[in-house]
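Listed below, chain by chain, are the residues.
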Amino acid sequence: LLGEMAALDFVSVSAEDDLSAVAAALPGQGRVVHFSRAALGEDYDSALCRLFSSEIKKAAHDVKPLMRALLAKEYPAEGFVFDTALAAYLIDPTQGHYELERLTVAYLSFEPEKPDPAGSGEEPAHPGALRSRASAVSALVPVLKKKLDALGMTALHGELELPLCRVLADMELCGVAVDRAALQEFGAMLSGRIRDCQDAIFSYAGGEFNINSTRALGEVLFEKLGLPPVKKTKTGYSTNIDVLEKLRRHHPIVQSIIDYRMLTKLNSTYCEGLLKVIAPDGRIHTTFQNTVTATGRLSSTEPNLQNIPVRTELGSELRRMFVPRPGWVLVDADYSQIELRVLAHIADDKLMQQAFLSGEDIHRATAAQVFGVAPEDVTPEMRRHAKAVNFGIVYGISEFSLAEDIGVSRAEAKAYIDSYLARYEGVRRYMHDIVEFARENGYVATMFGRRRGLPDIHSRNFNVRSAAERIALNTPIQGTAADIIKRAMLRTADALAPLRAQLVLQIHDELIVECPREEAEQVRKLVTEAMEGAAQLAVPLSAEAKIGESWYDAK
């Protein structure tokens, strides 16, 4: 039977979470085979080894968890040629949910049986559900394949997203080591500082109150201490961070409240949160979500390691807690200004391209253009303002938002944007043309063909339409950057295959590898080359890799 499967274009598989049973549907034959440990006994392991080898081509729904389960039990995880969840995500990346039941209803107008509970090694009571799911995958494959072909995303699915599942499964299984004692010590320090803030707040307020209650805090700030109310809501005074920032100079209690919130967030979300998810092997095994973001970027859950704060000194200290195993080091490689480089390429802006080709500091070069001064005369403030315009422009930043970001008047912000667009003609042309393209075609795409539909681009509601226009501007840039980092991950995994080194984390535009100390220099070179060669743009991709005893040191 397995030999017969090997001769087919593909079979569609569905497995119990614990791999105690697997169903395989043979396309076009109406036949579904049910394998289980209970039925096959000792032969089950050899059957799975052959079924999940490269000899038999397979389609499945959401292959990454299946690959991770197979690898955890030391089975092969090869030969996957189609993933119905990934295909549906590429076809409609804003849907948000790609459960098999939802897809069969949407594309085939029927619903498969619900999956069995995880088996216990005995024959499941109702193997029909597993068979039904394998049949559903088999029926979905040709429908989704046809749609991918029509949208020009067959290569994106088969050459990028599907191979990346194996890399991600390996990363999840490996995890990253955490220094539990150091994390506990850091949490104790934060708790002490939280108590100090609390004491200061109560002292300024003239008594104790619930700092975490918006109502109680509003009464203290605006009624008891008489600070000027900035914003009122239906339930009372707003005390969000924007309000507190505006009140900072009015009373010292405000800074203590800002500090208190930052410290409690660090302690509860990160110290206490991370301590709860350290596995028995001393490592954190995050899950990389590859069907969540509309731009194609990966996200991280349970825990979310992509949100570890870096903008505050105290927040970035958390990176010290992420360490290699004894005798190993971490290599951290980061792209330099990848989205601006992608913008220079896609917009075909010769001035911006020239800045990157000559190795100039792009923000200094932009400041010189916008303010009409020589590069050597650019002040730190000019550079900061130019940086805000550079990064804001592809998000369709308004003069109001820019004025808020850099603390200038709306008139000044408008002058900066106008001056920027007058000099960077390619960017101005891109911003106009991409919105027009979206209006005419109803979607935008990345350099590698990843699409995002924009049905709201014709909305009569100004705010809704404006949001769609900003998405049209940004998606080709951010989405292309996401495609490039994924290509870099595949190249890195291939380059590291002969070594003991292992890719352990991906954080936005950053890859982190754990490797034996003696491999460190070789790994640093390999990862840099893999990242810089991930795409051919009109400007060079630039990546910098550092070696350290912790994530903090390697950053």
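Here is what the cut-offs are and how they apply
- Residues numbered from 1 in each chain as written.
- Predicted model: local features only at pLDDT ≥ 70, side-chain atom pairs only at ≥ 80, totals over all residues.
- Heavy atoms only, no water.
- Helix = DSSP H or I, 4+ residues; strand = E, 2+ residues; numbered from the N terminus.
- Rg over C-alpha atoms; globule rule 2.2 N^0.38 Å.
- Buried < 20%, exposed > 50% of the residue type's maximum accessible area, 1.4 Å probe, protein only.
- Contact = heavy atoms within 4.5 Å.
- Areas by Shrake-Rupley, 256 points an atom, 1.4 Å probe, with all protein chains shown as cover.
- Pairing = 2+ DSSP bridges.
- Phe/Tyr/Trp six-rings, centres within 6.5 Å; stacked < 30°, edge-to-face > 60°.
- Axes fitted to C-alpha atoms, helices over the stretch in contact; angles between N-to-C directions.
- Parallel < 35°, antiparallel > 145°, perpendicular 65-115°, else oblique.
- Core = buried A, V, L, I, M, F, W, Y, C linked by side-chain atoms within 4.5 Å.
- Polar contact = N/O pair within 3.5 Å; in protein donor to acceptor, adjacent residues only side chain to side chain.
- Salt bridge = Lys/Arg side-chain N within 4 Å of Asp/Glu carboxyl O.
- Lys, Arg positive; Asp, Glu negative; His and termini not counted.
- Expected span 1.5 Å × (residues − 1).
- Bend = angle between axes of the 7 residues up to and from the residue.

Draft legend 1. Structural context of the overall build of the protein. When helices and strands are counted, the protein shows 23 helices and 18 strands. A compact globule built from 555 residues would reach a C-alpha radius of gyration of about 24 Å, and the protein, at 27 Å, matches this within 12%. Once the C-alpha set of the protein is aligned to its principal axes, its extents read approximately 75 × 55 × 55 Å. A buried classification covers 50% of the 555 residues belonging to the protein. Across the protein, the fraction of contacts at a sequence separation of at least 24, relative to all contacts at a separation of at least 6, is 64%. Carbon and sulfur atoms make up 49% of the accessible area of the protein, which totals about 25200 Å².

Draft legend 2. Fine view of the pairing of strand β17 (residues 510–516). Of all 7 residues making up β17, 7 are buried, and the element is well covered by its neighbours. Looking at chain direction, strand β13 (residues 328–335) and β17 are connected through 7 bridges and run antiparallel. By the bridge assignment, D334 is partnered in β17 with E510. Inspection of the sheet shows strand β16 (residues 502–507) paired to β17 by 5 bridges, in the antiparallel sense. Following the sheet pairing, Q506 is matched in β17 by L511.

Draft legend 3. Representation of the packing of aromatic side chains in the model. Scanning all chains against the criterion turns up 8 aromatic pairs. When the ring of F202 is compared with that of F209, the centres are 5.8 Å apart and the planes differ by 70°; the resulting orientation is edge-to-face. In this structure, F202 and F209 share a single accessibility class: buried.

Draft legend 4. Fine view of the environment of P309. When you line up the elements, P309 lands in the loop between β11 (299–301) and α13 (313–316). The residues contacting P309, other than those within four sequence positions of it, are L266, Y270, G315, S316 and L318.

Draft legend 5. Layout of the environment of P540. In this fold, P540 is placed in the loop between α22 (520–532) and β18 (543–548). The partly exposed category is assigned to P540, whose relative accessible area is 40%. When the C-alpha atoms of P540 and I477 are compared, they prove to be 16 Å apart, with 63 residues separating the residues in sequence. With residues near it in sequence (within four places) discarded, P540 still touches R341, F356 and L357.

Draft legend 6. Structural detail: the pairing of strand β3 (residues 31–36). Here 6 bridges tie strand β2 (residues 21–26) to β3, and the two strands are oriented antiparallel to one another. Looking across to β3, one finds that A25 is bridged to V32. In this antiparallel pair of consecutive strands, β2 and β3, the connection spans 4 residues, and G28 shows a positive phi of 75°.

Draft legend 7. Up close: the packing of helix α20 (residues 425–441) against helix α21 (residues 462–496). In the contact formed by α20 and α21, the axes pass within 9 Å of each other and the chain directions differ by 110°. Here α20 lies roughly perpendicular to α21, going by the angle between them. In this structure, α20 uses Y430, M431, I434, V435, A438 and R439 to contact α21, whose residues at the interface are E469, A472, L473, P476 and I477.

Draft legend 8. The arrangement of the sheet that holds β18 in detail. The strand order β16-β17-β13-β18 describes an open sheet built from 4 strands, whose pairing is antiparallel. Every interior strand has two partners, whereas the edge strands, β16 and β18, have only one. On average, each strand axis in the sheet is tilted by 20° relative to the strand beside it, whichever way the strands run.

Draft legend 9. Up close: the nonpolar core. If you look at the biggest cluster of nonpolar residues, it comprises 140 residues, and the most contacted ones within it are Y335, L343, I393, Y420 and V427. Counting residues per element, this core draws most heavily on α21, which supplies 11 residues. Sequence-distant contacts of Y335, that is, excluding residues within four places in its chain, are made with I484, I485, A488, D509, M531, E532, A534, L541, S542 and A543. By size, the runner-up hydrophobic cluster in this structure holds 31 residues, among which are M5, V22, Y44 and L48.

Draft legend 10. Examining helix α5 (residues 84–91) more closely. Within α5, 8 of the 8 residues are buried, which leaves it mostly tucked inside the rest of the structure. The inward-facing, buried residues of α5 abut β4 (58–60), β5 (80–83), α6 (100–108), α7 (128–151), α8 (154–174) and β15 (451–453). The opening residue of α5 is D83, an N-cap whose side-chain oxygen sits 2.9 Å from the backbone nitrogen of A85.

Draft legend 11. Expanded view of the sheet that holds strand β12 (residues 322–323). The strand order across the open sheet formed by 3 strands is β9-β6-β12, and the pairing between neighbours is antiparallel. The open sheet is flanked by β9 (283–284) and β12, the only strands paired with a single partner.

Draft legend 12. Just the environment of S46, in detail. Residue position: S46 is located in helix α3 (residues 43–51). Residue classification places S46 among the partly exposed residues on the basis of a relative accessible area of 47%.

Draft legend 13. Expanded view of the pattern of salt bridges. Applying the stated criterion to the full structure yields 32 salt bridges. What you see here is one network of salt bridges that share partners, running through E161, R450, D483 and K486.

Draft legend 14. Layout of the packing of helix α19 (residues 410–423) against α20. In contact at an axis separation of 5 Å, α19 and α20 are set at 100° when each is read in the N-to-C sense. Relative to α20, the element α19 lies roughly perpendicular. Only E425, V427, R428 and M431 of α20 make contact with α19, whose side of the interface consists of Y420, L421, A422 and R423.

Draft legend 15. Just the side chain of R319, in detail. Here R319 is to be found in the loop between α13 and β12. Among the residues examined, R319 registers a relative accessible area of 6% and is labelled buried. Excluding residues that lie within four positions of it along the chain, R319 makes contacts with I308, V310, E510, S550, W551, Y552 and K555.

Draft legend 16. Summary view of the side chain of E519. Tracing the backbone through its elements, the reader meets E519 in the loop between β17 and α22. For the buried E519, which has no salt bridge, the nearest side chain bearing the opposite charge is R500, at an N-O separation of 5.3 Å. When residues no more than four places from it in sequence are discounted, the contact partners of E519 are L499, R500 and A501.

Draft legend 17. A look at α21. Between the first and last C-alpha of α21 there are 50 Å, a value that for 35 residues agrees with the 51 Å anticipated at 1.5 Å per step. At N474, α21 is deflected by roughly 40°, the largest bend along its length, and proline P476 occurs up to four residues later in sequence.

Draft legend 18. Structural detail: unusual backbone geometry. Of note, the bond from E302 into P303 is cis; its omega dihedral lies within 30 degrees of zero at 0°. Here P303 lies in the loop between β11 and α13. Backbone geometry places L19, a non-glycine residue, at a positive phi of 65°. Topologically, L19 is positioned in the loop between β1 (11–15) and β2. The buried category is assigned to L19, whose relative accessible area is 3%. Phi at D62 takes a positive value of approximately 60°, unusual for a residue other than glycine.

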